[in-house]
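# Structural features, examined
Now for the letters of each chain:
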Amino acid sequence: MSDALNELREYLTRHHGGDGDDAATRALDGHARNHDDVFRRFWSEHTGAQLKADGRVVDLGCGPGLFLRDLSLTRPDLELVGVEAAPYMLERACDEDYDFNIRVADLNDPPAELFDMASIDVALANRLFHELHQPLVLLQRLYDWLKPGGVLILVDMVRQPLGSFLTHKFGRDRLDEPLDARAMKALFEDYFEHNRYHDYDLLALLVMTGYEVLAEESIRSGRAVQIAARKPAG
Ligand SMILES: C[S@@+](CC[C@H](N)C(=O)[O-])C[C@H]1O[C@@H](n2cnc3c(N)ncnc32)[C@H](O)[C@@H]1O
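The rules behind the values
Numbering of residues begins from 1 in every chain and follows the order in which that chain's sequence is written. In keeping with the predicted nature of the model, local features appear solely for residues at pLDDT of at least 70, side-chain atom pairs appear and are counted solely at 80 or more, and the whole-chain, interface and lining totals rest on all residues. Side-chain numbers come from the whole structure's heavy atoms, not from hydrogens or water. Only the contacting stretch of a helix is used when fitting its axis, a line to C-alpha atoms as for every element, and angles between N-to-C directions run 0 to 180 degrees. The helix and strand labels rest on DSSP assignments: H or I over at least four residues marks a helix, E over at least two residues marks a strand, and numbering proceeds from the N terminus. Roughly parallel covers angles under 35 degrees, roughly antiparallel covers those over 145, roughly perpendicular covers 65 to 115, and oblique covers all other angles. By convention the crossing between two helices is left-handed if the near helix lies anticlockwise of the far one by an angle smaller than a right angle, and right-handed if it lies clockwise. When checking whether two residues touch, look at their non-hydrogen atoms; a contact exists if any pair is within 4.5 Å. Throughout this entry, Asp, Glu, Lys and Arg are counted as charged residues, while Ala, Val, Leu, Ile, Met, Phe, Trp, Tyr, Cys and Pro are counted as nonpolar. The remaining residues, Gly among them, count as polar. The start and end points of each domain follow an automatic or database-based domain assignment. When two parts are brought into contact, each loses some accessible area as probed by a 1.4 Å sphere; the total of that loss over both is the buried area. The term salt bridge refers to a side-chain nitrogen of Lys or Arg lying within 4 Å of a carboxyl oxygen of Asp or Glu. We call a residue near a molecule or strand whenever a single non-hydrogen atom of that residue lies within 4 Å of it. N or O atoms within 3.5 Å of each other form a polar contact, as long as, within protein, one can give a hydrogen and the other can take it, and as long as residues adjacent in sequence are counted only when both atoms are side-chain atoms. Using a 1.4 Å probe, the Shrake-Rupley method yields the accessible areas, and only the shown protein chains count as cover for residues.

The protein is annotated in an unreviewed UniProt entry as Methyltransferase domain-containing protein of Marinobacterium sediminicola.

The structure is reproduced here in structure tokens:
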């Protein structure tokens, strides 16, 4: 395994709280919440026209692959591919009984040959971007991999004021009891790692790499955003 993939795996384990198995369990438990009605309506609205029979859907940073599993049940006509790097997510991926496969790659710098040029109809990046060291290289590669008119659905946490983050985490807006310094260190690391971009930063990255933004919706009381963007049809 390359040094870069090893380093990435160490980073991801740390980012995911130090316990990969636990992180995979949380991804499985949070699946319904992270692919709720608000997400599914947005997905259908912006991918429906693009998703013809035999189309290819790629889930970037697919975790244990539950989104692909669900899609394989309703759209067995599609080719479904995930991309993932964390071993604990790959171990829990439920691809044995379902019709999709997962490719192992570092999406910070994915090899150009990971997909053929103009071979993807729809790509999803659900809470991947804040985990990337930078998302520009992936956006450029994806632009080449998408068919003209192909769509990217990008969902991620966005920057929020520290006060709102703390109120949400503690469930109250006064912090007058003694706090544990180690727990607060972890909490602030969590804040900075999950609060990387404003919604307008994500939109700027998309526009600067050639995508047309189709729609943007603020979700989760402003703590996250879902964006549909398209490679221009030609
Ligand atoms: C917050 S999880 C979301 C998983 C899934 N998309 C979902 O919505 O349940 C982000 C996923 O992206 C993966 N990931 C983060 N950085 C990555 C990278 N550079 N290359 C490949 N996968 C990556 C993580 O391992 C993790 O499984």
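Additional details are given in the paragraphs that follow.
## Quick look at the packing of helix α8 (residues 162–170) against helix α9 (residues 181–194)
Across the interface, α8 lies against α9 with an axial gap of 11 Å and an inter-helix angle of 125°. Classified by the interaxial angle, the pair formed by α8 and α9 is oblique. For the pair α8 and α9, the sense of crossing is right-handed. Here L162, F165, L166, K169 and F170 of α8 lie close against α9, whose contacting residues are M184, L187, F188, D190 and Y191. Looking at the contact of α8 with α9 residue by residue, the class counts come to eight nonpolar, no polar and two charged.

## Regarding the domain arrangement of the protein
If you check the domain split of the protein, you get domain 1 (3–159 + 198–230) and domain 2 (161–195). Its C-alpha centre places domain 1 at a distance of 28 Å from the equivalent point of domain 2. Contacts between the two partners involve seven residues from domain 1, matched on the other side by four residues from domain 2. Area buried by domain 1 at its contact with domain 2 is led by H15, R159 and R223, which between them contribute 64% of it. Linking domain 1 with domain 2 are zero salt bridges. A class-by-class count of the residues in the side of domain 1 that touches domain 2 yields three nonpolar, two polar and two charged.

## Points about the site of the ligand
Around the ligand sit 20 residues, and of these G61, E84, D106, L107 and R127 come closest. Between D106 and the ligand, the recorded distance is 2.9 Å, taken from a side-chain N or O atom to a nitrogen atom. Separating an oxygen atom of the ligand from a side-chain N or O atom of R127 is a distance of 2.8 Å. Within the complex, the protein chains bury 96% of what would otherwise be the 590 Å² of accessible surface of the ligand.

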